[in-house]
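Fold and geometry: a report
Chain by chain, the residues:
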Amino acid sequence: MIRIVDPKKGTMYDDYLHLRWLLLREPLGGERGSELDDMESVSYHRAIVDKDNDIIGVGRVHFGDSLAQIRYMGVKHSHSRMGYGTKLLYTLEKIVYNHGINKIFLNSRINAISFYQKNGYSKIKRVEPSFGDIIHYRMEKIL
Ligand SMILES: CC(C)(COP(=O)(O)OP(=O)(O)OC[C@H]1O[C@@H](n2cnc3c(N)ncnc32)[C@H](O)[C@@H]1OP(=O)(O)O)[C@@H](O)C(=O)NCCC(=O)NCCS
């Protein structure tokens, strides 16, 4: 049984950021701290936790001018292809929808494009990565 929670409520925020770092920065040689940007305090954070309250997935959304950006999606490799990424994405999309915003964009690593396409996102154009040298594409979805 999994649950999707706000990691800022309670004591798991550091574990949430640690998993973000482990999945998205450490493999690229990033130091701890490189997983952060200047939107953390105004963002909505979500974690998937298992029955023991261990975090198995992370994701974040923040808002700009009439659109939302999803960032830092990651699911532990041991739990991939079990639908958890999709559940997390849906939860973030619901936050966006409830804010009265209907357009979401994200910059996807090339390896995650199929995941986002499966979830209704369209590939728009190649963009520069914000970290490392993995090829990224801007993707968008209208809710
Ligand atoms: C991308 C990621 C978040 C997907 O999470 P997930 O929990 O494995 O995704 P789901 O199980 O919900 O997958 C839903 C569908 O997306 C597609 N998909 C997911 N991962 C895929 C992959 N590696 N290759 C091709 N299609 C994929 C499939 O169609 C899948 O459905 P299926 O398993 O029934 O075929 C996860 O693989 C991950 O954390 N990757 C490493 C970090 C990363 O690249 N994050 C994205 C940064 S932009």
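Residues numbered from 1 in each chain as written. Predicted model: local features only at pLDDT ≥ 70, side-chain atom pairs only at ≥ 80, totals over all residues.

**Structural notes on the sheet that holds strand β6 (residues 122-127)**
Whenever strands of a sheet pair, they do so through backbone hydrogen bonds, lying parallel or antiparallel. Strand order in the open sheet formed by seven strands is β1-β2-β3-β4-β5-β7-β6, with mixed pairing between adjacent strands. Strands at the two margins of the open sheet, each flanked by one partner only, are β1 (3-5) and β6. On average, each strand axis in the sheet is inclined to that of its neighbour by 25°, with strand direction left out of account. Across the face of the sheet, helix α2 (residues 84-98) comes into contact with β1, β2 (44-49), β3 (55-63), β4 (68-75) and β5 (103-109) while running at roughly 25° to β3. (Pairing = 2+ DSSP bridges. Helix = DSSP H or I, 4+ residues; strand = E, 2+ residues; numbered from the N terminus. Axes fitted to C-alpha atoms, helices over the stretch in contact; angles between N-to-C directions. Contact = placed C-beta atoms within 7 Å.)

**Some thoughts on the site of the ligand**
Among the 19 residues in the neighbourhood of the ligand, the closest are listed as S80, G85, T86, S114 and F115. Split by residue class, the shell around the ligand holds eight nonpolar, eight polar and three charged. (Near = placed C-beta within 6 Å. Nonpolar A, V, L, I, M, F, W, Y, C, P; charged D, E, K, R; others polar.)

**Focus: α2**
Spanning 15 residues, α2 covers 21 Å between terminal C-alpha atoms, matching the ideal 21 Å at 1.5 Å per step. If you check which residues of α2 are buried, you get G85, L88, L89, L92 and V96. Each buried residue of α2 lies within a common arc of 100° when the element is viewed along its axis, so the set occupies one face. Facing away from the buried side of α2, by more than 90 degrees, are the exposed residues Y90 and N98. Against β1, β2, β3, β4, β5 and α3 (113-118) lie the buried residues of α2. Directly after α2, the chain includes G100, whose backbone phi takes a positive value near 75°. (Expected span 1.5 Å × (residues − 1). Buried ≥ 20, exposed ≤ 12 C-beta atoms within 10 Å, placed from the backbone. Arc of directions from axis to C-beta.)

Functional significance is not addressed by these values, which are geometric in nature.
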